[in-house]
Every structure is written in structure tokens, then in C-alpha cells.
Amino acid sequence: MRRPRLEVADVFHRHGADWRRANAGHVSLGQLQVMSAIEQCRSAALGGHVERCEDCGHSRIAYNSCRNRHCPKCQGAAAQDWLAAREADLLPVGYFHVVFTLPAEISPIAYQNKAVVYDLLFRTAAETLLTIAADPKHLGARIGATAVLHSWGSTMTHHPHVHMIVPGGGISLDGTRWVRCKPGFLLPVQVLSRLFRRLFLTALADAHAAGRLAFFGEIDGLRRRKAFDAYLAPLKRKNWFVYTKPPFAGPEAVLAYLARYTHRVAISNTRLVSLDQRGVTFRYKDYRRDGQARYGTMTLRADEFIRRFLLHVLPKGFHRIRHYGLLASATCKANVARAKELIAAALPSIDPSPEHDNPDAATGAAADYRPPCPCCGGRMIIVESFGRGGVPRAPPSSQASSGTAMS
């Protein structure tokens, strides 16, 4: 794959040191680690190996990837491995895309309490969906969902929301039949919105009462319970945003969508336009507009670009992709098999390969993949490896490209 002309790493290389000095004491360890990983990704700092074509002898250096989940360069292979593991779990039904969004008033609380508030967002969105679906007045069935957290808008502002991919139906409450949803309709969004609002605000108030929330800076006063309750009171009357998009055309379209969304970071390298004395210019979408008016470019000062990018660094160990209901990990295989049986669909003739169930094996498989020889298309093999900060013992051939990097 050809390297983009401009990368987030280039912004960090040029302005990262100054930004760190200017913000010393106000940057988390996790944010510093993300910056360092992106700066070093696919460079000699992480080591690498020399590959040689078995047919023509062409050689090239391939530097190691940082594998950080916030790195724009490292998510493509991770997404493909994840998708391969999910393919066997797809059902032969239409799928819906449901979005649960927190109102802007919650955003500063969420930023200062990412682990707690993002987890509440996941749990209450899933509970809302499963509860309404199980209600006999609506679908009357047990459904499943795959949820993906995004914390950004198109211009990298803080905008926490969860995307859910939901099969268009579920297993009846007595487990005897498959209940299909109405054509083009999953569940009423107004009902979903009201329940989501009530569940989330209740859970957030409980977290405050339990002392699980921290407040500082402009919202420091919210640590007092009366002030906190007064702040949330208007949100109990506000319409919350839950959106259901039209169903996908089929399972293949679901996979294509997931490939774009599951391992997305705050901004991809392909959206970057330029880096100059004015700052960083990038493309964005304004979803409030239609047609060509939706697309535009924005220029941010380099320090503001870095600040916005780092707003979206997740707490260590936080899972941003989760499965619920029929697709919950513990019972997913059995539930999918039962659903396919009830839909009268044949079970997959080939089980997913073992490495798809083993994250370490999947990682190894991705690491072993190498593009073919650029000269003759032959198979490239590793002839030498070198460690962090090291160099090859012998230089590669004159045609070698040192800009490529795998593993």
C-alpha cells in the first residue's frame, strides 16, 4: 500500500516536542504513549527486517508497526483480522445501524471520566435496545447487537456515541421461532430515546452518589450533589438522539461497513490535506448538510490539531467493541447456530479457522503477511531481522524501498 503524502505522524514529528513542553503537567501518560507510538511507528526506532524476493533477488527494509490502537497506520490489518472472526457469526437477515448519542452537556463529564461514562453509555444503550426488543408490544424477541464506541465528530471535537449493528429480528422469548422485524423497521426511535435517557441519567446519578466521578476545572462545582442534580435536571426534558438508519443490503454490506467503523481512529491519514505555517488542513463532513455542501476542509493550528486528536485516547484496557444479547461472547456460537436453524439457513460448511478465535494467533498471521515483490510480483521472504534502533548488517539492493513497513 502506498504511503499517504501526509500523516498524523508528520504533525507529531514537526510539532509534538513543542506541544509536550507547552502542556507539561496537563497530559496523561496514555496520551504521551500514543504520541510516542505514532511517532515511532514503522521507523528504525522499532526495529524491522530485510525481505528478499525468491525470484529476482530484490531486497527491501520493512520496519515494525507500533500496533497502538490509536495509530492511523496500524488499524487496517487489525480490522481485517477482526472481520474474519465475525464473518461466521453473520445471520442471513437484514441488518440495522442504530446510533446512541450523548447530549453535548454530558461531554465534559465524559471526558473527565472516560472509563465510567463510556461504560455507562455502552451498558445503557444495550439495555435499552434489548429491553424494547423483548417487549411484546414491539418485537417480542431476544436480539443481538455489536456496539462500537466513537468519541469524535468529523472535526475531532468530543462527541461520544455508540454505533450498533443489529440483526433484523431475534429468537422468540420461548426460544421456538425466529421473529422477523417489519420490513425496513426495527424499533421505534422515540421509545428507544426515552428509555435510553432515563437509564443513562439514573446510572450517572448513581455513579455520582457512589463517588465514582471526578470533576475539575470548569465543572469542579459538579462534585456537589445539589449542583450535579441541578445540572442534569434540564436533560430529563431534552430529546436525546437515537437514530436508526435504513437496513443494509445484506451481510456483505454489513462487513463492508464494519471494516470502515470498527477500528477507526479520530482521523485517518487519507483525510489530511496539508501541513504548513497556518497549521493542519484536513477534509471533513458536515452531517447537517446534504449533497456537496456536506464536504469541506478545515485548518487547525498544529497545537489544536494535536489537542483534538488526543481527546480520544481511551483508558488502558478499555474495550471499544462489545457484543450484547444473542451475540454476547459467552453464548454467541450457540445462539447463532440456533438462530440459523430457526431461520432455516444452513450452518457454515467450514468452521472459522482457529486463529480467528485466538487473538495472538491472528496477530501472528497478520504479522506474517507481506506484499509481493514490486519488481516481479514474486514472494518476499525475511532474510534478516534487527532490533529497536538497529540497522541491517548489509544494505539492501539499490532498488529497495525503506519506506514500507509491516508487522
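In this text, all values refer to a predicted model and were calculated from it rather than measured experimentally.

Is there a simple way to think about the overall build of the chain in this case?
For the chain, the count of helices and strands is eleven helices and 14 strands. Sorting the 407 residues of the chain into buried and exposed places 48% on the buried side. Contacts in the chain between residues far apart in sequence, at least 24 positions, make up 72% of those at least 6 positions apart. In the form shown here, the chain has an accessible surface area of approximately 20600 Å², with 53% of it arising from carbon and sulfur atoms.

Quick question: what am I supposed to make of the pattern of salt bridges here?
Using the criterion set out here, one finds 17 salt bridges in the structure. Here Arg 223 ties to Asp 220 by a salt bridge, and the two come within 2.7 Å at their closest N and O atoms. Connected through shared salt-bridge partners, Asp 119, Arg 123 and Arg 322 make up one network.

Explanation requested: the state of the cysteines in the structure shown.
Two cysteines, two sulfur atoms, one covalent bond between them: this is a disulfide. In the structure shown here, the tally under the stated rule is zero disulfides. Cys 56 forms no disulfide, and the closest cysteine sulfur to it belongs to Cys 373, at a distance of 3.7 Å. The exposure class of Cys 56 is partly exposed, given its relative accessible area of 42%. Cysteine Cys 375 remains unbridged, with the sulfur of Cys 373 as its closest cysteine sulfur at 4.4 Å.

Before we go on, may I ask you to explain the environment of Val 273 in this structure?
Here Val 273 lies in strand β10 (residues 272-276). Sequence separation between Val 273 and Thr 299 is 26 residues, and the spatial gap between their C-alpha atoms is 9.3 Å.

Whenever I open this one, the side chain of Asp 89 confuses me. Can you help?
Tracing the sequence through the fold places Asp 89 in the loop between α3 (75-87) and β3 (95-101). Judged by relative accessible area, Asp 89 falls into the buried class, the value being 9%. When neighbours within four sequence positions are excluded, Asp 89 is seen to be in contact with Tyr 95, Cys 332, Lys 333 and Val 336.

Where do I start with the sheet that holds strand β5 (residues 144-152) in this structure?
The strand order β9-β3-β6-β5-β13 describes an open sheet built from five strands, whose pairing is antiparallel. Every interior strand has two partners, whereas the edge strands, β9 (241-245) and β13 (321-325), have only one. Direction aside, neighbouring strands of the sheet carry axes that sit 25° apart on average. Pairing analysis gives five bridges linking β3 to β9, with the strands arranged antiparallel. Of the residues in β9, the one forming a bridge with Thr 101 is Phe 241. On the sheet, helix α5 (residues 114-134) packs against β3, β5, β6 (158-167) and β13 and is oriented at approximately 35° with respect to β6.

Rules of the game
- Residues numbered from 1 in each chain as written.
- Predicted model: local features only at pLDDT ≥ 70, side-chain atom pairs only at ≥ 80, totals over all residues.
- Heavy atoms only, no water.
- Helix = DSSP H or I, 4+ residues; strand = E, 2+ residues; numbered from the N terminus.
- Buried < 20%, exposed > 50% of the residue type's maximum accessible area, 1.4 Å probe, protein only.
- Contact = heavy atoms within 4.5 Å.
- Areas by Shrake-Rupley, 256 points an atom, 1.4 Å probe, with all protein chains shown as cover.
- Salt bridge = Lys/Arg side-chain N within 4 Å of Asp/Glu carboxyl O.
- Disulfide = S-S within 2.5 Å.
- Pairing = 2+ DSSP bridges.
- Axes fitted to C-alpha atoms, helices over the stretch in contact; angles between N-to-C directions.

Any functional reading would require information beyond the geometric quantities listed.
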